[in-house]
Amino acid sequence: MSLELDEKVVRSLSVEGIDQRLLYGQGDAFLRVLEAQLFCKIVARGDKVIVEGPAEEVEKTIRVLQDLITRIKQGDYITQQYLNYAIAMVKEGSEGPAGEISTESLLTNSLRKEIKPKTVGQTKYVEAVSKNDIVFAIGPAGTGKTFLAVAMAVAELKANKVNRIVFTRPAVEAGESLGFLPGDIRAKVDPYLRPVYDALYDMLQPDKARKLLEMGVIEIAPLAFMRGRTLNDAFVVLDEAQNTTSAQMKMFLTRIGEGSKAIITGDVTQVDLDKSHQSGLITVQKILSGIKGIDFRYLTEKDVIRHFLVQKIITAYDRWEGRKKR
């Protein structure tokens, strides 16, 4: 029930049966974040949270709190990153993201931790992969494009839906080419594919991952090695696809054989190609749009799941680069 108090309202929300430590954060840190971002006064009293402030802001605060309660009931911990995400969604008019985020686990990683989507955008990305044979995941760093691609690939392998996994990436970064790097081909390629290895070792026990790599069940190779091959019954991931040319993108896509799935990830704002070449990830959106079985998923800074400051860094850079183009 709301009371008019000097153009302000007071509302209370029951938190009975909820672990208040999870809801409020350490030292009530989450409540203080809500107060700062939604301009309300929040008091935790027994099994109730009392919110006072302008009517519209109080309503938003209550919606965020209800979303956090839903998230806790789903069995998840609240993080500052998720709290900021929920606040941003509610500010845009949503009821909050918890009801739209998948609660289904993709797999359990090597540390016995369940891996599942953490944002609405990630949920739609995972759903797109389940419904389509080729999915393009386009968005900024930290949105989980590669990590979730590796998780989905490993899950399909464990379920015997594919016989092998192939991870590939164009070795074109910062103007370097493989020939300028020291060592054999493995030593030349590994620095470019390090993010894939990192994600893979997070999904599987190191000895298991090494064994699968040695057997060729999991293959990690530069994009140039894909030419002339046909990949049947495989889960294929092309990472950093913004650094492919149109010809390389076509070459990769035409390698996909029967019983295979492919995920192509990239960030079109981070193209390292020579200016004489247009990114294959940019042109492919115009060429393949509307084809059944192919889907394009676009992730944004709201889907960033790294340190909460990464989202702010991406937004700040986007704003700065936008001013430069004017």
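So, here's what we can say about the structure. (Residues numbered from 1 in each chain as written. Predicted model: local features only at pLDDT ≥ 70, side-chain atom pairs only at ≥ 80, totals over all residues. Heavy atoms only, no water.)

1. Some points on the packing of aromatic side chains
The geometry of an aromatic ring pair is captured by two quantities: the separation of the ring centres and the angle between the planes. Under the criterion given, the structure shown has 4 aromatic pairs. Ring plane angle 15° and centroid distance 6.5 Å describe the contact between Tyr-197 and Tyr-201, whose orientation is recorded as stacked. In this pair, Tyr-197 and Tyr-201 both sit in helix H7 (residues 185-203), 4 residues apart, roughly one turn of the helix. For Tyr-197, a relative accessible area of 4% puts it in the buried group. Each ring, one from Tyr-317 and one from Trp-320, has its centre 6.5 Å from the other, and the planes form 85°; the classification is edge-to-face. Of this pair, Tyr-317 and Trp-320 both sit in helix H11 (residues 308-325), 3 residues apart, which is roughly one turn of the helix. (Phe/Tyr/Trp six-rings, centres within 6.5 Å; stacked < 30°, edge-to-face > 60°. Helix = DSSP H or I, 4+ residues; strand = E, 2+ residues; numbered from the N terminus. Buried < 20%, exposed > 50% of the residue type's maximum accessible area, 1.4 Å probe, protein only.)

2. Some thoughts on the packing of helix H2 (residues 29-38) against helix H4 (residues 80-91)
Relative orientation of the contacting elements H2 and H4 amounts to 30°, with a least axis distance of 11 Å. With respect to their mutual orientation, H2 and H4 come out roughly parallel. Viewed along their axes, H2 and H4 form a crossing whose handedness is right-handed. Residues Phe-30, Val-33, Leu-34, Gln-37 and Leu-38 of H2 form the contact with H4, whose participating residues are Gln-80, Leu-83, Asn-84, Ile-87 and Lys-91. In terms of residue class, the contact of H2 with H4 is built from 6 nonpolar, 3 polar and 1 charged. (Axes fitted to C-alpha atoms, helices over the stretch in contact; angles between N-to-C directions. Parallel < 35°, antiparallel > 145°, perpendicular 65-115°, else oblique. Left-handed = near helix turned anticlockwise from the far one by under 90°. Contact = heavy atoms within 4.5 Å. Nonpolar A, V, L, I, M, F, W, Y, C, P; charged D, E, K, R; others polar.)

3. A look at the environment of Ala-44
Topologically, Ala-44 is positioned in strand E3 (residues 41-45). In sequence terms Ala-44 and Val-15 are 29 residues apart; their C-alpha atoms lie 9.4 Å from each other. The contacts of Ala-44, once residues within four sequence positions are left out, are Tyr-24 and Leu-31.

4. A short note on helix H5 (residues 120-131)
Compared with an ideal rise of 1.5 Å per residue, which puts 12 residues at 16 Å, H5 spans 17 Å between its outermost C-alpha atoms and is within 8% of the ideal. For H5, the set of buried residues is Val-120, Gly-121, Gln-122, Thr-123, Tyr-125, Val-126, Ala-128 and Val-129. Tucked inside the fold, the buried residues of H5 contact H4, strand E7 (134-138), helix H6 (145-158), strand E10 (234-238), strand E11 (261-266) and strand E12 (294-298). The backbone nitrogen of Gly-121 has a side-chain oxygen 3.5 Å away, supplied by the residue at the start of H5, namely Thr-119. (Expected span 1.5 Å × (residues − 1). Polar contact = N/O pair within 3.5 Å; in protein donor to acceptor, adjacent residues only side chain to side chain.)

5. Overview of the side chain of Arg-63
One can find Arg-63 in helix H3 (residues 55-73). Taking relative accessible area as the criterion, Arg-63 reaches 11% and is therefore assigned buried. Leaving out residues up to four positions away in the same chain, Arg-63 has contacts with Val-90, Gly-93, Ser-94 and Glu-95.

6. Some remarks on the sheet that holds strand E9 (residues 218-222)
Either a parallel or an antiparallel arrangement is found when strands of a sheet pair, and the pairing is made through backbone hydrogen bonds. Spatially, 6 strands are ordered E9-E8-E10-E11-E7-E12 in an open sheet, and the strand pairing comes out parallel. With one partner strand each, in any of the chains shown, E9 and E12 form the two edges of the open sheet. Across the sheet, the mean angle from the axis of one strand to that of its neighbour is 15°, orientation sign disregarded. (Pairing = 2+ DSSP bridges.)

7. Digging into helix H8 (residues 206-215)
Listed as buried for H8 are Ala-209, Leu-212 and Leu-213. Burial along H8 is one-sided: seen end-on, the buried residues are contained in an arc of 100°. Facing away from the buried side of H8 by over 90 degrees, the exposed positions are Asp-207, Lys-211, Glu-214 and Met-215. (Arc of directions from axis to C-beta.)

8. So, the pairing of E7
Most of E7 sits out of view: 5 of its 5 residues are buried. Taken together, the 5 bridges between E7 and E11 define a ladder with parallel strand orientation. From the neighbouring strand, Ile-134 faces E11, where its bridge partner is Ala-262. In this structure, E7 lies alongside E12, joined through 5 bridges in parallel fashion. In the sheet register, Phe-136 faces E12, and the bridge partner there is Phe-296.

9. Details of the pairing of strand E8 (residues 164-169)
Each regular strand carries side chains that alternate between the two faces of the sheet. Of all 6 residues in E8, 5 are buried; the element is thus mostly enclosed. Bridge count between E8 and E10: 5 bridges; the pairing is parallel. Within E10, the position partnered with Val-166 by the bridge is Val-236.

10. Some details on the nonpolar core
Within the largest apolar cluster, 37 residues are counted, with the highest numbers of intra-cluster contacts made by Tyr-125, Phe-167, Leu-200, Ile-218, Ile-220 and Phe-235. Looking at this core, the elements that each hand over two or more residues are H5, E7, H6, E8, H7, H8, E9 and E10. With 9 residues, H6 is the largest single contributor of residues to this core. Once residues within four sequence positions are removed from consideration, Phe-167 is found in contact with Val-150, Ala-153, Val-196, Leu-200, Ile-218, Glu-219, Ile-220, Ala-221 and Val-237. The next biggest cluster of nonpolar side chains, apart from the first, holds 33 residues, and it includes Tyr-24, Val-58, Leu-65 and Tyr-82. (Core = buried A, V, L, I, M, F, W, Y, C linked by side-chain atoms within 4.5 Å.)

11. Thoughts on a nonpolar patch on the surface
There is a patch of nonpolar side chains on the surface, built from Leu-309, Ile-313, Tyr-317 and Trp-320 and spanning about 420 Å² of accessible area. Considering the arrangement of structural elements, one finds Ile-313 in helix H11. Look at Ile-313 and you get partly exposed, because its relative accessible area is 48%. (Patch = residues over 30% accessible without salt bridge, like charges linked within 9 Å, V, L, I, M, F, W, Y side chains within 5 Å. Areas by Shrake-Rupley, 256 points an atom, 1.4 Å probe, with all protein chains shown as cover. Salt bridge = Lys/Arg side-chain N within 4 Å of Asp/Glu carboxyl O.)

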